[in-house]
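Overview (structure and organization)
Here is how the chains run, residue by residue.
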Amino acid sequence: MKFSLVILLALVAGVISYPRAVAKIPPIYNTVNTLKIKLGLDLQGGFHLEYKADLSKVDASKRAEALSSLQSAIERRVNKFGVSEPLVYIKKSGTDEILVVELAGVKDINEAKKNISGTPLLEFKEEQIDTSNQIPQETLDQMNVQAKAKAEDLLKQALVPGSDFSQLAKDNSQDHAAKDNGGDLGIIKKGASAPELNDALFDPDPNFKDGSVYPKLVETESGWLIIKKITTTGSGDAEEIHAAGIIIAKYREPAPKTNYIETGLTGKNLKKASVDYTNQALSEPTVSLQFDTEGAKLLADISKRNIGKPLAIFLDGLPIVDGNGDGVINELDPPYDPIIQAELTNGQAEISGSLTIDKAKELVARLNEGSLPVPIGDPIYQQSVEASLGQASLTTSLKAGAVGLAIVLIFMIIYYRYLGLVASLALIIYTALMISIFKISPLTPWGITFTLSGIAGFILSIGMAVDANVLIFERIKEELRRDRRLPSAVDEGFKRAWPSIRDGNYSTILTSLILVWVGTGFVKGFAIILMVGVVMSMFTAIVIVKIMLKFTLGEWAEKYPWLIARTRKNNEISPKK
Amino acid sequence: MMQIINKRKYFYIVSGTLVIASLVVLSMWGLKFGIDFTGGTEMQVKFSQNIPDNTVISEKLKELNLDSLVVRKTSDGTVNIDYRNSNDQINTEVFGKIQEMDKDAIQLSTDFIGSTVSGQLKSSAIKSLILAILGIALYVAWAFRKVSRPVKSWKYGLGAILALSHDILITVGIFVLLGKFWGVEVGVPFIAALLTILGYSVNDTIVVYDRTRENLLRAGVKEDFEDIVNRSLNETLARSINTSLTVIIVLFALVLFGGESIRYFSVALLFGVTFGTYSSIYVASALLVTIYKHQIRAKS
């Protein structure tokens, strides 16, 4: 029973750590293969930056708030890089508050650094109607004369008996939806279409029968139509006609483009932005902006020439708020452009209307972002690793692990024979269990990140994992030399070795705990994995090995003492004296 | 049975010499501290074509007035550029110079540590060492709390701590030499290695002491303390060697194949564990006997 549990555990751990083993069973493979070890920046490439938050000018009571707004401001800047899982957090180091930014897969470190600690550009821009794409009326008229001539020519062709209306529509119609359908316009009810089209379609002229083309060109506001009646149903006001048409569009004045141009008014002129609730009765917050002297002058000029027109606000070239509500601010958002209601002469402006409290707060936060809520200066710590180097480190260290594991396995089997074989199996189970823990842990709040030093800790733990077995096996051999029978020697070996194993591992756990507690980065990565490894190895080396030995090693084995140890009469380990 | 205890004089001489030599080189030359403790930058650069000569690179960087600049080629065909300036701007400028030499050069890795961080790393390293030594001492005393005859429990603790200090000091001594003659620097990983050595080496000592404790409880009145200790040592010899051997095997694999960045971390562990095994066999138990003898002499 216990033995089958061990087999089951080994299988589960094996499949989790090496999913390719079940590649032929897609449902299991696909589930298991989604589990991935979370690699640290030193193995996947990326960078880790630390900045000291300068809180000297922040009131003590507002520090927590200032730090959290610093964190969200940096998060927004970092999100622009589009890397997966950027990490921004504040940590305490002594009395300092340290802002940590971790990004994987960013190519240009210097550019990224500039974006993180630099000041984003807050700009107030005015509208400019771009008329450069306008076409003079004369030219338009000429173009339309030609278009109409083309339409008339098409009508002639369509009226020729036996002509292919569908083909004509396909080749010439400018109605993109209908042209490939033989110009099919669908079923049109009487009185439901544009008056010119309606008059032509429902023309009572008996010559205009089902299947015939209307003999005249129909001109509507948007263009010229050659229509064909396919079928008629109903009569009187309920009459419906299934029609087809060829459309030649009229040329028209293109809509003018709206550009936003610089006004010279930027974030450096903005002294303060805040949410105001002065007009409580309306329960709608307003956002007030306070500009400096230069800004006040600029604002006066801008507002004077733009009354009734918008003043758009951009941050780093993008609209300042998420206008389309998709959660991100990007090129798809419409410009945020409050309309200037009056001339603003005192350096103050107020944005009101259609603002919820949350929106107003967001807007204020973004307006104030032009300068970070807490200055951070240059990084005080930087670690960056190029992705290719990370990959190379991963490969070499895993190779070291494989070589180390293999030699330990060989050593154990040669020295402890059958016992060593069982310990080796347990060591392989241990390795699989550890890999499974690394893979599963990111799903829990205690995610383990695998760094280079963590690999070193893991490899070291492989060497330590068999220590308990060495202790137990030496004890078993000793008991056998005292002429104990095999099964009871095994029991005794486990029992007697336990205090030493426990005491020995406690000390390693103790120092690992100190390292986790005091250490950072490299040291923490190493110590956490070493500690998990020591605990897990106690389980595999004691529980699993014991179950496997008790299941397989019965009295039968006493006939083959060479399975356990070299047979010799001498009771002593070393005959030397 | 091997007679280890009665040859303790020789082991004391060997260990004493090594410890004193370590202390001497440590006070003469000191450890070569890396940027973790001094602040500064370690940049690893990969050139796209021919790697310029170290002196050419140094010459090029000269005008930036870098503090204790060292340019060194690695075995992987990259160049390490180390300097001790404590501001981040300089890193951008240094790489700018490199790009002037080879515009496709890649900044493979950069570790920059400002002076505030290095100060904190230093104090936390010292803190962790003190904590670990205290913790281990208390732990050993606790583990042997039930033993009082003929040697008091805290004396086991003393023996263990002396043996551990021996392991740590010799490892430090070796790194003083590595730093002096091969430019090997010690940083936070070295401290982590020392702590790991503390935690691991005490295992061996504890196992031997454990056996002594067990044999003391069972021993008749006639058996001499010295003989009991020697017998305990012999009984645990195979396991002491084998447990360390498996760890030494994986550490060797790490040193040989583990790559540049964790090489000296593994080297430190390797020396520490090796000397730890040596001391728990040849020194720690001998110390118990010496303490015991001293005790008897003091009484009479």
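Preceding this paragraph is the structure being described.
Residues numbered from 1 in each chain as written. Chains lettered and ligands numbered in written order. Predicted model: local features only at pLDDT ≥ 70, side-chain atom pairs only at ≥ 80, totals over all residues.

Further remarks concern the overall build of chain B. Secondary structure summary: chain B contains ten helices and four strands in total. Walking chain B from its N terminus toward its C terminus, one meets helices and strands in the order α-α-β-α-β-β-α-β-α-α-α-α-α-α. The C-alpha atoms of chain B give 24 Å as radius of gyration, which overshoots the globular expectation for 300 residues (19 Å, by more than 25%). Overall, chain B is about 85 × 35 × 30 Å in size when its C-alpha atoms are taken along their principal axes. Per-residue burial for chain B yields a buried fraction of 49% across its 300 residues. (Helix = DSSP H or I, 4+ residues; strand = E, 2+ residues; numbered from the N terminus. Rg over C-alpha atoms; globule rule 2.2 N^0.38 Å. Buried ≥ 20, exposed ≤ 12 C-beta atoms within 10 Å, placed from the backbone.)

Here we come to the overall build of chain A. Along chain A, the regular secondary structure elements total 15 helices and 17 strands. Computed over its C-alpha atoms, the radius of gyration of chain A comes to 40 Å, more than 25% above the 25 Å expected for a compact globule of 577 residues. Within chain A, buried positions represent 38% of all 577 residues. Relative to all contacts within chain A whose residues are 6 or more apart in sequence, the contacts with residues 24 or more apart total 69%. (Contact = placed C-beta atoms within 7 Å.)

Before going further, it helps to examine the sheet that holds strand β3 (residues 87-93) of chain A. Spatial strand order, β3(A)-β4(A)-β2(A)-β16(A)-β4(B)-β1(B)-β3(B)-β2(B): eight strands in an open sheet with antiparallel pairing. Only two strands of the sheet have a single partner each, and these edge strands are β3 of chain A together with β2 (70-73) of chain B. With direction set aside, neighbouring strand axes in the sheet form an average angle of 15°. Sheet topology places β2(B) next to strand β3 (residues 79-83) of chain B; four bridges connect them, and they run antiparallel. Its bridge partner lying in β3(B), B:Val71 is registered against B:Ile81. (Pairing = 2+ DSSP bridges. Axes fitted to C-alpha atoms, helices over the stretch in contact; angles between N-to-C directions.)

Their axes nearest at 10 Å, the elements helix α14 (residues 486-518) of chain A and helix α5 (residues 115-143) of chain B cross at an angle of 155°. Between α14(A) and α5(B), the crossing angle belongs to the class labelled roughly antiparallel. Regarding α14(A) and α5(B), the two cross each other, and that crossing is right-handed. Seen from α14(A), the contacting residues are A:Asp503, A:Tyr506, A:Ser507, A:Leu510, A:Thr511, A:Ile514, A:Leu515 and A:Val518; seen from α5(B), they are B:Ser124, B:Lys127, B:Ser128, B:Leu131, B:Ala132, B:Gly135, B:Ile136, B:Tyr139 and B:Ala143. Taken together, the residues of the contact of α14(A) with α5(B) break down into ten nonpolar, five polar and two charged. (Parallel < 35°, antiparallel > 145°, perpendicular 65-115°, else oblique. Left-handed = near helix turned anticlockwise from the far one by under 90°. Nonpolar A, V, L, I, M, F, W, Y, C, P; charged D, E, K, R; others polar.)

Now for the environment of B:Val71. Residues and elements named next belong to chain B. Note that Val-71 resides in strand β2. Remark: the alpha-carbon pair of Val-71 and Val-56, spanning 15 residues in sequence, is separated by 9.8 Å. Ignoring any residue separated from it by four or fewer positions in sequence, one finds Val-71 in contact with Asn-54, Ile-57, Ser-58, Val-79 and Ile-81.

Here we take up unusual backbone geometry. Within the chain, A:Asp483 stands out as a residue other than glycine whose phi angle is a positive 65°. Here A:Asp483 lies in the loop between α13 (467-481) and α14. According to the C-beta neighbour criterion, A:Asp483 is exposed, with 8 such atoms within 10 Å. You will see that B:Ser68, though not glycine, has its phi angle at about 35°, which is positive. The residue B:Ser68 is located in the loop between α3 (54-61) and β2 in this model.

Right, let's get into the interface of chain B and chain A. Between chain B and chain A, the contact holds 63 residues from the first and 65 residues from the second. Those elements giving two or more residues to the side of chain B that touches chain A turn out to be α4 (89-101), β4 (106-113), α5, α7 (188-218), α8 (225-257) and α9 (263-282) of chain B. With 16 residues, the single largest contributor to the side of chain B that touches chain A is α8(B). A breakdown of the residues in the side of chain B that touches chain A according to their chemical character gives 34 nonpolar, 23 polar and six charged. Bridge analysis of strand β16 (residues 381-385) of chain A against β4(B) gives five bridges, and the strand direction is antiparallel. Across the sheet, A:Gln383 pairs through a bridge with B:Asp111, a residue of β4(B).

Attention shifts here to the environment of B:Ser15. All names here are of chain B. Following the sequence through the fold, Ser-15 ends up in helix α1 (residues 8-28). Its 23 C-beta neighbours within 10 Å are what place Ser-15 among the buried residues. As for Ser-15 and Lys-46, which are separated by 31 residues in sequence, their C-alpha atoms are 44 Å apart. If near-sequence neighbours (up to four positions away) are discounted, Ser-15 is found in contact with His-166, Ser-279 and Val-283.

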